[in-house]
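Summary of the model geometry
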Amino acid sequence: MNPPGFTGATIDRADQLRNDREGLAAAMRDWRARLLVLDGLNPVVADGRLVWTTLADAAPGAELVLLGLIEGKPHFAAVTPDAPPSGQRPPQLFGLLATLPRDEMALYAAARSLVDWHVRHRCCAVCGTATTAIKGGWARACGECGAQHFPRTDPVVIMLTECRGRVLLARGPGWPQGRYSALAGFVEPGESIEEAVARETLEEAGVRVRDVRYVASQPWPFPSSLMIACTAMADDDTLALDPTELEDAFWATRDEVVAAMAGAGAGAGAEGARFLAPPRYAIAHTLMEAWLEDGSRRGAEGAEEGGA
């Protein structure tokens, strides 16, 4: 099973520096310190790598966010005073990200989520007063009421449900032609991961599930979610779709998933495939791989038991 995109960061996040004013000041004075070059919130890439510059190129009044240390060198991102919150993602963004090494793709994810959070939280949620960045950019503080605010990550469950050897796939309105993927939805307050998987599957597809099992997770920086991938089992394959969430859904056979996954690397459907699979950087792709591998393992174990 291939790891999902935006994972595999190797940077030292240097938590010990975030509350060390002298250490932070020294990191900002370090001639080796690097600043991530962004076009708004989008990466600037050259020769398949992220582009970095010096802190001297930071815009006047920018707040610096310490991403961490790479080989002892401080690496920062900047939140400029006029930076807009994230909007539509350009069509070429994911193709560009796919050219990056895994660790740089993960580093960009952290930088994008942090910068976007700062832009969205310039004012105190308690009293409305303007806030300032503290703790190396990993928090904001209100000078009026003293409240501190920290970056948030929204948990999202994404799940494949199996019934009689087939797996439930669906597509949302406006998706690329032919694209089908796993169901997904935000975890609500007061809800466990398992409960969210069961609720979302029932709400969106009318299917009751059991035996929820965790598979993997992925940070998703648009703007800042944690995708929690799970599998589940169902005893009844009757579908009752919520049309506000799903445009279509069906139960895919193993062979249909294998055929679709064969074309995922090229970003297009394999010849003869029933649907277009999620791209390799998406955790839905990892989830489908895990489901196929689990089916192969169970088949092999069954064959061994039969031979015994």
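Residues numbered from 1 in each chain as written. Predicted model: local features only at pLDDT ≥ 70, side-chain atom pairs only at ≥ 80, totals over all residues. Heavy atoms only, no water.

1. Concerning empty space enclosed by the protein
On inspection of all chains with the given rule, the structure shows 1 cavity of 30 Å³ or more. Taken as a whole, the largest cavity holds about 50 Å³ of empty space. (1 Å grid on protein atoms, 1.4 Å probe; cavity = no way out; pocket = protein on both sides within 12 Å on 5 of 7 lines; lining within 4 Å. Points joined across faces, edges and corners; volume = space filled by probe spheres on them.)

2. Observations regarding the side chain of Glu-204
On the secondary structure map, Glu-204 appears in helix α5 (residues 193-205). Among buried Asp, Glu, Lys and Arg side chains, Glu-204 stands out as unpaired, with Arg-199 the closest opposite charge at 7.3 Å. The contact partners of Glu-204, leaving out residues within four places of it in the chain, are Leu-183, Ala-184, Ala-240, Leu-241, Asp-242, Glu-245 and Leu-246. (Helix = DSSP H or I, 4+ residues; strand = E, 2+ residues; numbered from the N terminus. Buried < 20%, exposed > 50% of the residue type's maximum accessible area, 1.4 Å probe, protein only. Lys, Arg positive; Asp, Glu negative; His and termini not counted. Salt bridge = Lys/Arg side-chain N within 4 Å of Asp/Glu carboxyl O. Contact = heavy atoms within 4.5 Å.)

3. Re the pattern of salt bridges
Within the structure shown, the criterion is met by 16 salt bridges. The shortest N-O distance in the salt bridge between Asp-30 and Arg-32 comes to 3.0 Å. With relative accessibility at 19%, the residue Asp-30 sits in the buried group. Take Arg-32: its relative accessible area is 27%, and that puts it in the partly exposed class. For the salt bridge of Arg-120 with Asp-116, the shortest nitrogen-to-oxygen distance reads 2.8 Å. Remark: Asp-116 and Arg-120 occur in helix α4 (residues 102-120); sequence separation between them is 4 residues, near one turn of the helix. Look at the salt bridges and you will find they share partners, linking Glu-188, Glu-191, Arg-199, Glu-200 and Glu-203 into a network.

4. A word on unusual backbone geometry
Pro-223 follows Phe-222 through a cis peptide bond whose omega is 5°. Positive phi values are uncommon outside glycine, yet Phe-6 reaches one of about 70°. As for its placement among the helices and strands, Phe-6 is situated in the segment before α1 (15-18). Note on Phe-6: relative accessible area 2%, which makes it buried. You will see that Ala-14, though not glycine, has its phi angle at about 50°, which is positive.

5. Remarks on helix α6 (residues 254-261)
Three or more residues of α6 are buried, namely Val-257, Ala-260 and Met-261. Seen from one end, α6 has its buried residues packed into an arc of 95°, which puts them on one side. (Arc of directions from axis to C-beta.)

6. Structural notes on the sheet that holds strand β8 (residues 73-79)
Strand order across the open sheet formed by 4 strands is β6-β1-β8-β7, with mixed pairing between neighbours. In this open sheet, the two edge strands, each paired with only one partner strand, are β6 (52-53) and β7 (63-70). Here strand β1 (residues 34-36) runs beside β8; their pairing, made up of 2 bridges, is parallel. Across the sheet, the residue bridging to Leu-35 is Phe-76, located in β8. Sheet strands touched by α4: β1, β6, β7 and β8. Its angle to β7, the strand with the most contacts, is close to 160°. (Pairing = 2+ DSSP bridges. Axes fitted to C-alpha atoms, helices over the stretch in contact; angles between N-to-C directions.)

7. Looking at the side chain of Thr-231
Tracing the backbone through its elements, the reader meets Thr-231 in strand β16 (residues 225-234). On the accessibility criterion, Thr-231 (11% relative accessible area) is buried. Apart from the residues within four sequence positions on either side, Thr-231 is in contact with Leu-160, Asp-211, Val-212, Arg-213, Val-215 and Leu-287.

Nothing here speaks to function; it is all geometry.
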